[in-house]
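The residues making up each chain are set out below.
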Amino acid sequence: MVNDKIYGPSVGIYVRSMAECMGRDAKLCTLIYDKKNKKKELDGEKEYGIYPPGTSGWFLNTTFQDFAFRKFKRILVRESNNLIHYTSQQVKPFRIGHSTVTVHDLVPILFPEQTNRSIVRLTKNNIKFYSKLPVTAAVSEFTKRTMEEQGFEGEIYVVPNTISKTFQPLGTDKQVLRRKLGLPIEKKLILSVSTDVPRKNLNIVKETLNRLGDDYKLVRVGSPVGDSINFHNITEKKLNEVYNACDIFFLPSSYEGFGLPVLEAMSSGVPVVASDIQVFREITNGSALLCDPDPVICSESIIRAIDVADKLVHKGLDRAKAFDYENFCRQLTKFYEAVFQTYGLN
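Residues numbered from 1 in each chain as written. Predicted model: local features only at pLDDT ≥ 70, side-chain atom pairs only at ≥ 80, totals over all residues. Heavy atoms only, no water.

Q: Which residues make up unusual backbone geometry, and what values go with them?
A: Positive phi, close to 60°, is recorded for arginine 95, a residue that is not glycine. With respect to the helices and strands, the residue arginine 95 is situated in the loop between strand S4 (83–86) and strand S5 (98–103). (Helix = DSSP H or I, 4+ residues; strand = E, 2+ residues; numbered from the N terminus.)

This is how it looks when you write it as structure tokens:
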């Protein structure tokens, strides 16, 4: 498994779960394109590139990858009878041996104006190679259809994200958790967990909270929105406490490849209000309130979700079971069986 350090925590969870499922049958290697990641705790064995003084090394290592990671490439050539699984579409392929890839989303291609130009160029070049592979994987049916629309020619298996066992109802009174986390006791807490890229629609989040009034308070894991209460770089354990302390999880995105925080919220026992987009319909399957990303409609949906909170919690917990670790491993194994059969590998 060839990994990198471009994408965020949802890809990291996916990669760690793949490596754990496969155990000794797989080896995870992480390419260090940017020197800022050299000392970070990253998954798998680190493979180092070239880092000239005064530069991050990213441009050199991605542009001249075969040279920068020549020692690692020699290993891949020597083990050419094995499968090379690129863990994300953002990993630049070495274009040798028997290869496959897991595609998490195609944001740089679909929303180039919201993405660094270097990442757009890298992703387009990667997809030219990955789209010709005989068997690949997608994290959702929605992403699978997007891949097909972008010209992927081979068979695409859906191996959805799994969820960390950390995310679960704590059975602790919300007031106790709120005191521990420094959150207001009496207000209705609306939780938002996301980056601040435009497709996350944080302007909708802000306008929705303004409409809801003083009885509601926004809790953000990520950059601040309005007068939100903010958490940054927290552990999974603390994030689960934040989920459990809040009344509603709110994510009005216009596009997601999967949307892992929705699944985390359902698994933690928090009612979900999210935008009515195809991938959320697929993931939640009737266990959340989905609506147009409009502040008026969103505010009405949040009030309605609070009224039927018990029902949404029950449905969400039940739906989250479909994405547990055991199901993930079964689907991943089925995918690998198909890849190995296609390539004639043992």
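That shown, we press on.
Q: Tell me about the state of the cysteines, and please be specific about residues and values.
A: Counted according to the given criterion, the structure contains one disulfide. With a sulfur-sulfur separation of 1.9 Å, cysteine 21 is cross-linked through a disulfide to cysteine 329. Between cysteine 21 and cysteine 329, the S-S torsion sits near -75°, and that sign places the bridge as left-handed. On the criterion of sequence distance, the pair formed by cysteine 21 in helix H1 (residues 9–22) and cysteine 329 in helix H15 (residues 325–343) is long-range, its members being 308 residues apart. Taken individually, cysteine 21 and cysteine 329 each receive the classification buried, so the pair is uniform in this respect. (Disulfide = S-S within 2.5 Å. Buried < 20%, exposed > 50% of the residue type's maximum accessible area, 1.4 Å probe, protein only.)

Q: Got a sec to walk through the layout of surface pockets? Specific residues and values, please.
A: What the second largest pocket holds in volume is close to 580 Å³. Lining the second largest pocket are 22 residues, and of these Asp25, Ala26, Lys27, Asn82 and Leu83 lie nearest its centre. Within the residue set of the lining of the second largest pocket, elements represented by two or more residues are helix H4 (70–78), S4 and H15. In terms of residue class, the lining of the second largest pocket is built from 13 nonpolar, five polar and four charged. (1 Å grid on protein atoms, 1.4 Å probe; cavity = no way out; pocket = protein on both sides within 12 Å on 5 of 7 lines; lining within 4 Å. Points joined across faces, edges and corners; volume = space filled by probe spheres on them. Nonpolar A, V, L, I, M, F, W, Y, C, P; charged D, E, K, R; others polar.)

Q: Tell me about the sheet that holds strand S9 (residues 216–221), residues and numbers included.
A: What links the strands of a sheet is backbone hydrogen bonding, and the strands pair in either a parallel or an antiparallel sense. Taken in spatial order, the six strands line up as S10-S9-S8-S11-S12-S13 in an open sheet, and their pairing is parallel. Every interior strand has two partners, whereas the edge strands, strand S10 (229–231) and strand S13 (289–291), have only one. Across the sheet, the mean angle separating the axes of adjacent strands is 25° when strand polarity is ignored. Pairing of strand S8 (residues 188–193) with S9 involves six bridges; the strand directions are parallel. (Pairing = 2+ DSSP bridges. Axes fitted to C-alpha atoms, helices over the stretch in contact; angles between N-to-C directions.)

Q: Could you give an account of the pattern of salt bridges, naming the residues involved and the relevant values?
A: Scanning the entire structure with this criterion turns up nine salt bridges. Of the charged contacts, one joins glutamate 153 and lysine 132 as a salt bridge, the two residues approaching to 2.7 Å between their closest N and O atoms. Of this pair, glutamate 153 sits in the loop between helix H7 (141–149) and strand S7 (155–158) while lysine 132 sits in the loop between helix H6 (117–130) and strand S6 (135–138); the two residues are 21 residues apart in sequence, bridging distant segments of the chain. When its relative accessible area of 55% is taken as the criterion, glutamate 153 is described as exposed. Take lysine 132: its relative accessible area is 54%, and that puts it in the exposed class. Between glutamate 256 and arginine 199 there is a salt bridge whose closest N-O contact spans 3.8 Å. Highlighted residues: glutamate 256 in the loop between strand S11 (248–251) and helix H11 (260–268) and arginine 199 in the loop between S8 and helix H9 (202–212), separated in sequence by 57 residues. Ionic contacts of the salt-bridge type, sharing partners, join the residues Arg199, Lys200 and Glu256 into one network. (Salt bridge = Lys/Arg side-chain N within 4 Å of Asp/Glu carboxyl O.)

Q: Could you give an account of the nonpolar core, naming the residues involved and the relevant values?
A: Counting residues in hydrophobic clusters, the biggest one holds 62 residues, and the most contacted among them are Leu191, Tyr243, Phe249, Leu332 and Phe335. It is H15 that provides the largest number of residues to this core, a total of eight residues. In this structure, leucine 332 is in contact with Met18, Cys21, Met22 and Val159, ignoring residues within four places of it in sequence. Core analysis: the second largest hydrophobic core is formed by 28 residues, Val2, Leu31, Ala138 and Met147 among them. (Core = buried A, V, L, I, M, F, W, Y, C linked by side-chain atoms within 4.5 Å. Contact = heavy atoms within 4.5 Å.)

Q: Give a description of the environment of asparagine 61 that names residues and reports values.
A: Mapped onto the secondary structure, asparagine 61 falls in helix H2 (residues 58–63). Setting aside chain neighbours within four positions, we find asparagine 61 in contact with Ile32, Tyr33, Gly49, Ile50, Tyr51, Ala68 and Phe69. There is a polar contact of 2.8 Å between the side chain of asparagine 61 and the backbone nitrogen of isoleucine 50. (Polar contact = N/O pair within 3.5 Å; in protein donor to acceptor, adjacent residues only side chain to side chain.)

Nothing here speaks to function; it is geometry throughout.
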